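Fold and contact review
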Amino acid sequence: MKIIPLGSNGFFPSYNRQTACYAIHYKSILIVLDAGSGLFRFAEKEGKVLLRGVDEIHIFLSHYHLDHTFGFYAAFELFEKKRVTVFAKAGRQVFSEFVAMEHFPIDYEKKHKNFSWKTVTEETYRLEGYKAKVRKQNHRGEVSLGFRMEFSNGKSMTYITDGEPTWESVEFVRGVDLLLHEHEPSDEKEAKHLKLEDQISDGHVTTEGAGLIAREAGVKKLALVHHNPFLNEASLIKELKKAKAIFKESYLAMDMEEVEF
Ligand SMILES: [Zn+2]
Ligand SMILES: [Zn+2]
């Protein structure tokens, strides 16, 4: 299987990288992890190709920060003829609020009946041909969700972003084929002693933390995501080296470069 990063950045787009959005084809379903600005790529040729033969789209939202939801500005247009289910921590509430506050020009409740919303909590959801397991994470005092997908063909992946480095998180991702994990550069001096709980920087897991989690959980492959937008590609490669020193099978997820698992 493969995952296509449509947006690998956190915070804001930079260096040709859009914000959080990842697509996985599974039968006639397109699974979309987060709806950051990367979702706008569905307006372009490469994105349109991904929608071919797809009749159903499952969107999983880690949380509602704009770098993970800005794509909704156009999702209603881009996914017009598809049946879309959005799995999120509080259903459609955030969008009702946007509309009520005049931050959103679209009255989706009237116009976009092809979208439905499902509130998820810490449970395992059995969907068509795959299971989605949800874990609540602490994100600067707010809740974000981690997702673990297990497919009927035996493959598995997890998407972990905007959270904390914890042993519960290690257990949640244990043994998967692919771990998509956020990473944040940190002060190298502090990172030296490599205690998992310390691998946090400004509400995000450090690059070393991502490497430690991958190693402790025995995953097959780690793809670093949610890149800091101030880092150019050379700086990201330096970050990757830090992860590789801890966990050899570490890679950088980059926009529009498929990751196999
Ligand atoms: Zn973020
Ligand atoms: Zn966030």
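See above for the structure.
Quantities reported herein were computed from a predicted structural model and do not represent experimental measurements.

Conventions and cut-offs
What you see as residue numbers is a count from 1 along each chain, following the sequence as written. Going through the entries in the order they are written, you letter the chains from A and number the ligands from 1. Side-chain atom pairs in this predicted model are given and counted only at pLDDT of 80 or more, local residue features only at pLDDT of at least 70, and totals for whole chains, interfaces and linings cover all residues. Derived side-chain values reflect all non-hydrogen atoms in the structure, with water molecules and hydrogen atoms excluded from consideration. Sodium, potassium and calcium take a 3.2 Å donor cutoff, other metals 2.8 Å, and in both cases only N, O and S atoms count; water is not among them, so sites may look incomplete. Angular criteria define each label, namely tetrahedral for four donors with all angles between 85 and 135 degrees, square planar for four and octahedral for six donors with opposite donors over 155 degrees apart and remaining angles between 65 and 115, and irregular for whatever fails these tests. Secondary structure is summarised from DSSP: a helix means a run of H or I of at least four residues, a strand means a run of E of at least two, and numbering begins at the N terminus for each. Whenever a carboxyl oxygen of Asp or Glu lies within 4 Å of a side-chain nitrogen of Lys or Arg, that contact is scored as a salt bridge. Only protein chains enter the accessibility calculation, which uses a 1.4 Å probe. A residue is then buried if its area is under 20% of the maximum for its type, exposed if over 50%, and partly exposed in between. Think of it this way: a Phe, Tyr or Trp ring, Trp meaning its six-membered ring, pairs with another when their centres are within 6.5 Å, and the plane angle makes it stacked under 30 degrees, edge-to-face over 60, tilted otherwise. Comment: the charge-over-ring label is applied if NZ (Lys) or CZ (Arg) is within 6 Å of the ring centre and within 35 degrees of the ring normal.

What follows deals with the coordination of the zinc ion (ligand 2). Around the zinc ion (ligand 2), the protein contributes the donor atoms H63 (NE2), H65 (ND1), H139 (NE2) and D162 (OD), which lie 2.2 to 2.4 Å from the metal centre. The coordination sphere of the zinc ion (ligand 2) comprises four donor atoms, whose angles at the metal cover 87 to 175 degrees; the geometry is irregular. For the zinc ion (ligand 2), the single-chain donor residues occur in sequence as H-x1-H-x73-H-x22-D. Separating the zinc ion (ligand 2) and the zinc ion (ligand 1) is a distance of 3.5 Å, and D162 donates to both of them. Of the two residues, H63 sits in the loop between β4 (56-60) and α2 (66-69) while D162 sits in the loop between β10 (156-160) and α6 (167-173), which places them 99 residues apart along the sequence.

Quick look at the pattern of salt bridges now. Per the stated rule, a full pass over the model turns up ten salt bridges. Residue E56 pairs with R83 through a salt bridge whose shortest N-O separation is 2.6 Å. You can see E56 sitting in strand β4 and its partner R83 sitting in strand β5 (residues 83-88), a full 27 residues away along the chain. Residue classification places E56 among the buried residues on the basis of a relative accessible area of 7%. Note that K220 is salt-bridged to D177, the shortest N-O span being 3.0 Å. A residue pair is termed long-range when its members are at least 10 positions apart, and K220 in the loop between α8 (207-217) and β14 (221-225) and D177 in the loop between α6 and β11 (178-182) qualify at 43 residues. Look at D177 and you get buried, because its relative accessible area is 11%.

Moving on, we get to the coordination of the zinc ion (ligand 1). For the zinc ion (ligand 1), every protein donor is listed as D67 (OD), H68 (NE2), D162 (OD) and H226 (NE2), and the spread of their distances is 2.1 to 2.4 Å. Around the zinc ion (ligand 1) sit four donor atoms, and with donor-metal-donor angles ranging over 95 to 158 degrees the site reads as irregular. The sequence pattern formed by the donor residues of the zinc ion (ligand 1) is D-H-x93-D-x63-H.

Glancing now at the packing of aromatic side chains. The tally for this structure, following the rule as stated, stands at 15 aromatic pairs. Taken together, a centroid distance of 5.4 Å and an interplanar angle of 85 degrees make the contact between F12 and F230 edge-to-face. Here the residue F12 occupies a position in the loop between β1 (2-7) and β2 (21-26), and F230 occupies one in the loop between β14 and α9 (233-246), the gap between them amounting to 218 residues. F12 gets classed as partly exposed once you look at its relative accessible area, which sits at 28%. For F230, a relative accessible area of 60% corresponds to the exposed category. Judged by centre distance (5.1 Å) and plane angle (90 degrees), the rings of F40 and F70 are edge-to-face. Here F40 is found in the loop between β3 (29-33) and α1 (45-51), whereas its partner F70 is found in the loop between α2 and α3 (72-78), with 30 residues between them in sequence. A relative accessible area of 39% means that F70 is categorised as partly exposed. Through a chain of ring-to-ring contacts, three or more aromatic side chains come together here, namely Y26, Y130, F151 and F261. For K221, the ring lying beneath its charged end belongs to Y251, and the centroid distance is 5.2 Å. The residue whose ring lies beneath K244 is Y251, and the NZ or CZ to ring-centre distance is 4.9 Å.

Treat this as a map of the structure, not an account of what it does.
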